[in-house]
Amino acid sequence: MNFGQRLKQERKKRDLTLDELQQKCGVSRSMLSKIERGEKNPTIAVVAEIARGLDVTVSQLLGEDEEQEVIMIKKDQRYTYKDPASGFERHVLSPILPAKGIEFILNIIPAGQSSGKFPPHPKGTKEYITVTSGTLNLELNGKLHVLNEGDSIYFDADVYHQFTNIGNCECSYYLVIDSRTIT
């Protein structure tokens, strides 16, 4: 819900006309009407005046106190895949909600093993990686990037990519895949 819609909802919840709200907050009726229709984007000072007139906090009026969705995934309930040939493990740490466009994953690669080559994701997809242990060799369209424990990398994932543990011990890393499209 945008600010104008939220303002209108709060005003109607209090059974106020635009004229009555104008009297309470000092913001002109025409400005209030334009804000509600989405034609004007008020300054924070105007938002504060409107909030005072509605007897709510700025955060409440901005919707910052809206109840947030909470989904907890217990360790024994997460989706896990282990490649039988390489031992590569993929633990999905986030809920699988395709409409959200974000995946949070823990990958674990045994020493000397590889994820295999991943095909390009759709254009606009981004990946963020932080290595938590070991040494990771990331190949992006044939170019190699070596990451050690604590290193991070970000890349456009619309290219072929492969993860290889080039160390002598297990390599683990967190991966965030952002496939939200910007319109």
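Residues numbered from 1 in each chain as written. Predicted model: local features only at pLDDT ≥ 70, side-chain atom pairs only at ≥ 80, totals over all residues. Heavy atoms only, no water.

## Some remarks on the side chain of Thr-164
Here is step 1: Position of Thr-164 relative to the elements: it lies in strand S9 (residues 161-165).
Here is step 2: By relative accessible area, which is 17% here, Thr-164 ends up buried.
Here is step 3: Leaving out residues up to four positions away in the same chain, Thr-164 has contacts with Ile-109, Gln-113, Ser-114, Thr-135, Leu-136 and Asn-137. (Helix = DSSP H or I, 4+ residues; strand = E, 2+ residues; numbered from the N terminus. Buried < 20%, exposed > 50% of the residue type's maximum accessible area, 1.4 Å probe, protein only. Contact = heavy atoms within 4.5 Å.)

## Thoughts on the sheet that holds strand S8 (residues 152-156)
Here is step 1: Across the sheet, six strands lie side by side as S1-S2-S3-S10-S5-S8; this open sheet has antiparallel pairing. This sheet does not close on itself; its edge strands, each paired only once, are strand S1 (79-82) and S8. On average, each strand axis in the sheet is inclined to that of its neighbour by 20 degrees, with strand direction left out of account.
Here is step 2: Pairing between strand S5 (residues 126-133) and strand S10 (residues 171-178): seven bridges, direction antiparallel. Within S10, the residue paired with Tyr-128 across the bridge is Val-176. (Pairing = 2+ DSSP bridges. Axes fitted to C-alpha atoms, helices over the stretch in contact; angles between N-to-C directions.)

## Some details on helix H1 (residues 3-13)
Here is step 1: Within the sequence span of H1, burial applies to Phe-3, Gly-4, Arg-6, Leu-7, Glu-10 and Arg-11. The buried residues of H1 all sit within an arc of 160 degrees when viewed along its axis, so they share a single face.
Here is step 2: Phi for Asp-15, located one or two positions after H1, is positive at around 60 degrees. (Arc of directions from axis to C-beta.)

## Here we look at the sheet that holds S9
Here is step 1: Taking strand neighbours across the sheet as the criterion, the four strands line up as S4-S9-S6-S7 in an open arrangement whose pairing is antiparallel. Bordering the open sheet on either side are strand S4 (114-118) and strand S7 (143-148), each of which pairs with just one other strand. For this sheet the average axis-to-axis angle between neighbouring strands, irrespective of direction, equals 15 degrees.

## Considerations on the pattern of salt bridges
Here is step 1: Scanning the entire structure with this criterion turns up 11 salt bridges.
Here is step 2: Across the pair Lys-123 and Asp-158 runs a salt bridge whose closest N-O atoms are separated by 3.2 Å. Of this pair, Lys-123 sits in the loop between S4 and S5 while Asp-158 sits in the loop between S8 and S9, and the two are 35 residues apart along the sequence.
Here is step 3: Using a relative accessible area of 73% as the deciding quantity, one classes Lys-123 as exposed.
Here is step 4: Judged by its relative accessible area of 24%, Asp-158 falls in the partly exposed class.
Here is step 5: When the shortest N-O distance is used, the salt bridge between Arg-180 and Asp-178 registers 2.7 Å.
Here is step 6: Given a relative accessible area of 10%, Asp-178 falls into the buried group.
Here is step 7: Bridged by salt links that share partners, the residues Glu-10, Lys-13 and Arg-14 form one connected network. (Salt bridge = Lys/Arg side-chain N within 4 Å of Asp/Glu carboxyl O.)

## Details of helix H2 (residues 18-25)
Here is step 1: Within H2 the residues assigned to the buried category are Leu-18, Leu-21 and Cys-25. The arc enclosing the buried residues of H2, seen along the axis, measures out at 60 degrees, which places them on a common side.
Here is step 2: Here the buried face of H2 lies against H1, helix H3 (29-36) and helix H4 (44-54).
Here is step 3: After H2 finishes, the residue Gly-26 shows a positive phi value of roughly 85 degrees.

## As for a nonpolar patch on the surface
Here is step 1: Taken together, the side chains of Tyr-79, Tyr-81 and Ile-96 present a nonpolar region at the surface, about 360 Å² in accessible area.
Here is step 2: Summarising the element assignment, Ile-96 is placed in the loop between strand S2 (89-92) and strand S3 (102-109).
Here is step 3: A residue is classified by how much of its surface remains accessible, and Ile-96, at 61% relative accessible area, is exposed. (Patch = residues over 30% accessible without salt bridge, like charges linked within 9 Å, V, L, I, M, F, W, Y side chains within 5 Å. Areas by Shrake-Rupley, 256 points an atom, 1.4 Å probe, with all protein chains shown as cover.)

## Some remarks on the packing of H2 against H4
Any two packed helices are characterised by the angle at which their axes cross and by the distance between the axes.
Here is step 1: Across the interface, H2 lies against H4 with an axial gap of 8 Å and an inter-helix angle of 105 degrees. Taken together, the axes of H2 and H4 are roughly perpendicular relative to one another. Where H2 abuts H4, its residues Leu-21, Lys-24 and Cys-25 lie against Glu-49, Ile-50, Arg-52, Gly-53 and Leu-54. (Parallel < 35°, antiparallel > 145°, perpendicular 65-115°, else oblique.)

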